[in-house]
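Topology and contacts: notes
Chain by chain, the residues:
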Amino acid sequence: MLSEDMIVCENLVKIYKTKDLEVLALQGLELTIAAGELMAIIGNSGSGKSTFLNMVGGLDRPSAGKLTVDGKDLFKLGEKELVDYKRDTVGFVWQNNARNLLPYLSAWQNVQLPMRFAHGERGKRQRERALELLEMVGMSHKKDSRLNQLSGGEQQRIAIAIALANRPKILLADEPTGSVDTKTGNYILDVFRELNRNLGLTIVIVTHDRMLSKKVSRVVAIRDGKTSSEMIVKQSYADRLDSIGAFEEAHDEYAVLDKAGRVQIPREYLDGLGIHGNKVRMELENGRIIIGAPKEETGEEPENDRGIDRS
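The text that follows walks through the structure, step by step, so that each part is easy to find. Just so it is clear, the structure is predicted and the values come from calculations on it, not from any experiment. Residues take numbers from 1 onward in each chain, read along the sequence in its written order. The model is predicted, so local features are restricted to residues of pLDDT at least 70 and side-chain atom pairs to those at 80 or more, both for listing and for counting; the totals for chains, interfaces and linings are taken over all residues. Hydrogens are left out, water is left out, and the side-chain values use all remaining heavy atoms of the structure.

With respect to the packing of helix H5 (residues 152-163) against helix H6 (residues 182-199)
Note on geometry: axes are lines fitted to C-alpha atoms, helical ones only across the stretch in contact, with angles between N-to-C directions running from 0 to 180 degrees. Secondary structure counts use DSSP, requiring at least four H or I residues in a row for a helix and at least two E residues in a row for a strand, with both numbered from the N terminus. Packing of H5 against H6 brings their axes to within 10 Å, and their N-to-C directions diverge by 15 degrees. Comparing their axes, H6 and H5 come out roughly parallel. In the crossing of H5 with H6, the sense of the turn from one axis to the other is right-handed. Between H5 and H6, the residues in contact are Gly153, Gln156, Arg157 and Ile160 and Thr184, Tyr187, Ile188, Val191, Phe192 and Leu195, respectively. Residues that form the contact of H5 with H6 fall into these classes: six nonpolar, three polar and one charged. Throughout this description, any angle smaller than 35 degrees is read as roughly parallel, any larger than 145 degrees as roughly antiparallel, any in the 65 to 115 degree range as roughly perpendicular, and the remainder as oblique. If you view the pair so one helix is near and one far, a crossing is left-handed when the near helix is turned anticlockwise from the far one by less than a right angle, and right-handed when it is turned clockwise. By the convention used here, residues are in contact when the closest approach between their heavy atoms is within 4.5 Å. Basically, the charged four are Asp, Glu, Lys and Arg, the nonpolar ten are Ala, Val, Leu, Ile, Met, Phe, Trp, Tyr, Cys and Pro, and anything else, Gly included, counts as polar.

Encoded structure:
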């Protein structure tokens, strides 16, 4: 059962500055993620999805707006508080496994390493806890293996165990299936589903893979640094699929309005309507908002225009 909000961002802005250039990575992102939610953020390269994940992970500072995670205002955290936040609140799984595992340590030792910097298990309990985590991701039989003795999928599962070592409230995964084949990627996503179901862990997966929508309850699309649309699972249908172990498309998709009433329309929709400039015709008709190309571009009468139903 989802409860309070775990992540809240309002009008979130991130600007990267160099000597000669300013890059606006996020431009007013609005997004709320509930505690215990398993969700994915999708978007093309440069859309801002990884920037958002880095800020939630405490790896980067927002430029403006509001970002609250687990009741903590990340704008107000000092350096020591930020270190504590990264250690105690979030776990990170990277696409590049060289960032997840130290190559000269065994899988078992890698999982124990974060515990040495926390206030948790020590000695025998630390070793037992590390083995429990490896069992949780199906990798206890590889506990003595090093990085070069493991496949990409095995490395990624051990990376998940490492991310869980300090009992985080949020698990952040950046393209976790990006370097493995489809079968292995499906298995890794099943691990996330089990962790979410059994531990109540909040899990945020950033990816460009739209097939993830079949495995999570909500998919948020980011375009040009803003929330563009959401796909939300039809719960009764999802429960029925889950009971038989099937995963099919079971989502309703919604465009997202910002506080000023603006909505992003995908470029392919606009191209399909022949809209190439920065103007559209908008009409209210029978309780629906109809968006179409300007008459001077189509040469058609209003009643013959094609439109997008935004009801």
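Points about the sheet that holds strand E1 (residues 5-17)
A sheet is described by the order of its strands in space; here four strands give the open sequence E2-E1-E4-E5, paired in antiparallel fashion. Among the strands making up the open sheet, the edge pair consists of strand E2 (22-34) and strand E5 (72-73). The criterion for strand pairing is that DSSP finds at least two bridges linking the strands in question. Here 10 bridges tie E1 to E2, and the two strands are oriented antiparallel to one another. Across the sheet, residue Tyr16 finds its bridge partner in E2, namely Val23. Strands in contact with helix H1 (residues 49-56) are E1, E2 and strand E4 (64-69); relative to E1, the strand with the most contacts, it is inclined by about 115 degrees.

A word on the pattern of salt bridges
Salt bridge, as used here, is a side-chain nitrogen of Lys or Arg placed within 4 Å of a carboxyl oxygen of Asp or Glu. One pass over the structure, following the stated rule, counts 13 salt bridges. In this structure, the salt-bridge partner of Lys14 is Asp60, at a minimum N-O distance of 3.3 Å. With Lys14 in strand E1 and Asp60 in the loop between H1 and E4, this residue pair connects regions lying 46 residues apart in the sequence. Exposed residues in this analysis have more than 50% of their type's maximum accessible area, buried residues have under 20%, and partly exposed residues fall in between, with area computed by a 1.4 Å probe over protein chains only. What makes Lys14 buried here is its relative accessible area of 8%. In this structure, Asp70 and Lys169 form a salt bridge, with 2.9 Å as the shortest nitrogen-oxygen distance. Taken as a pair, Asp70 in the loop between E4 and E5 and Lys169 in the loop between H5 and strand E7 (170-174) lie far apart in primary sequence, 99 residues in all. Given a relative accessible area of 21%, Asp70 falls into the partly exposed group. Connected via shared salt-bridge partners are Lys80, Asp84, Arg87 and Asp88.

Details of helix H4 (residues 123-136)
Here a helix's expected span is defined as the number of its residues, less one, multiplied by 1.5 Å. Its 14 residues give H4 an end-to-end C-alpha distance of 20 Å, which sits within 8% of 20 Å, the value for a rise of 1.5 Å per residue. Where H4 is buried, its residues meet helix H3 (107-112) and H5. Looking one or two places after H4, you find Gly138, whose phi comes out positive at around 70 degrees.

Examining the side chain of Arg157
Along the chain, the position of Arg157 falls in helix H5. In this count, Lys and Arg are taken as positive residues and Asp and Glu as negative ones, while His and the chain termini are left out. Put simply, Arg157 is tucked away with no salt bridge, and the nearest opposite charge, on Glu154, sits 5.0 Å away. Excluding its chain neighbours within four sequence positions, the residues that come into contact with Arg157 are Val137, Gly138, Met139, Tyr187, Ile188 and Val191.

Remarks on the packing of aromatic side chains
Here a Phe, Tyr or Trp ring, Trp counted by its six-membered ring, pairs with any other such ring whose centre lies within 6.5 Å, and the pair is stacked when the planes are under 30 degrees apart, edge-to-face when over 60, and tilted otherwise. Scanning all chains against the criterion turns up one aromatic pair. Geometrically, the ring pair formed by Phe92 and Trp94 is stacked, given 4.2 Å between the ring centres and 5 degrees between the ring planes. Residue placement shows Lys14 over the ring face of Tyr16; its charged tip is 5.0 Å from the ring centre. In this scheme, Lys NZ or Arg CZ marks a charge over a ring once it lies within 6 Å of the ring centre and within 35 degrees of the ring normal.

Some words on the pairing of strand E8 (residues 202-207)
Across the six residues that make up E8, a large majority, six, are buried. Alternating positions in E8 separate into two faces, Thr202, Val204 and Val206 on one and Ile203, Ile205 and Thr207 on the other, with burial throughout. The sheet contact formed by strand E3 (residues 38-42) and E8 spans five bridges and is parallel. Bridge pairing links Ala40 to Ile205 in E8. Here the term right-handed applies to a crossover when the path leading from its first strand over the helix to its second strand runs clockwise, the strands being oriented away from the viewer. With H6 bridging E7 and its parallel neighbour E8, the resulting β-α-β unit is right-handed.

Points about the side chain of Thr202
Assignment of secondary structure puts Thr202 in strand E8. The term polar contact refers here to a pair of N or O atoms within 3.5 Å; inside protein, the definition further demands a hydrogen-donor-capable atom paired with an acceptor-capable atom, and it admits residues adjacent in sequence only when both atoms are side-chain atoms. Among the polar contacts made by the side chain of Thr202, one reaches the main-chain amide nitrogen of Gly36 at a distance of 2.8 Å. What Thr202 contacts, discounting residues up to four positions off in sequence, is Met6, Ile33, Ala34, Ala35, Gly36, Glu37, Lys169, Ile170 and Leu171.

Structural notes on a nonpolar patch on the surface
Any residue with relative accessible area above 30% and no salt bridge may belong to a patch, with like charges joined within 9 Å and the nonpolar Val, Leu, Ile, Met, Phe, Trp and Tyr side chains within 5 Å. We get accessible surface area from the Shrake-Rupley algorithm with a probe of 1.4 Å; when it comes to residues, only the shown protein chains can shield them. Together, Tyr16, Leu21 and Val23 give the surface a local cluster of nonpolar side chains, amounting to about 250 Å² of exposed area. Along the chain, the position of Leu21 falls in the loop between E1 and E2.

Overview of unusual backbone geometry
Positive phi, normally seen in glycine, also occurs at Asn11, with a value near 50 degrees. One can find Asn11 in strand E1. A relative accessible area of 46% means that Asn11 is categorised as partly exposed. Positive phi is not limited to glycine here, since Glu175 has a value of about 50 degrees. Within the secondary structure, Glu175 is located in the loop between E7 and H6. Judged by its relative accessible area of 11%, Glu175 is buried.

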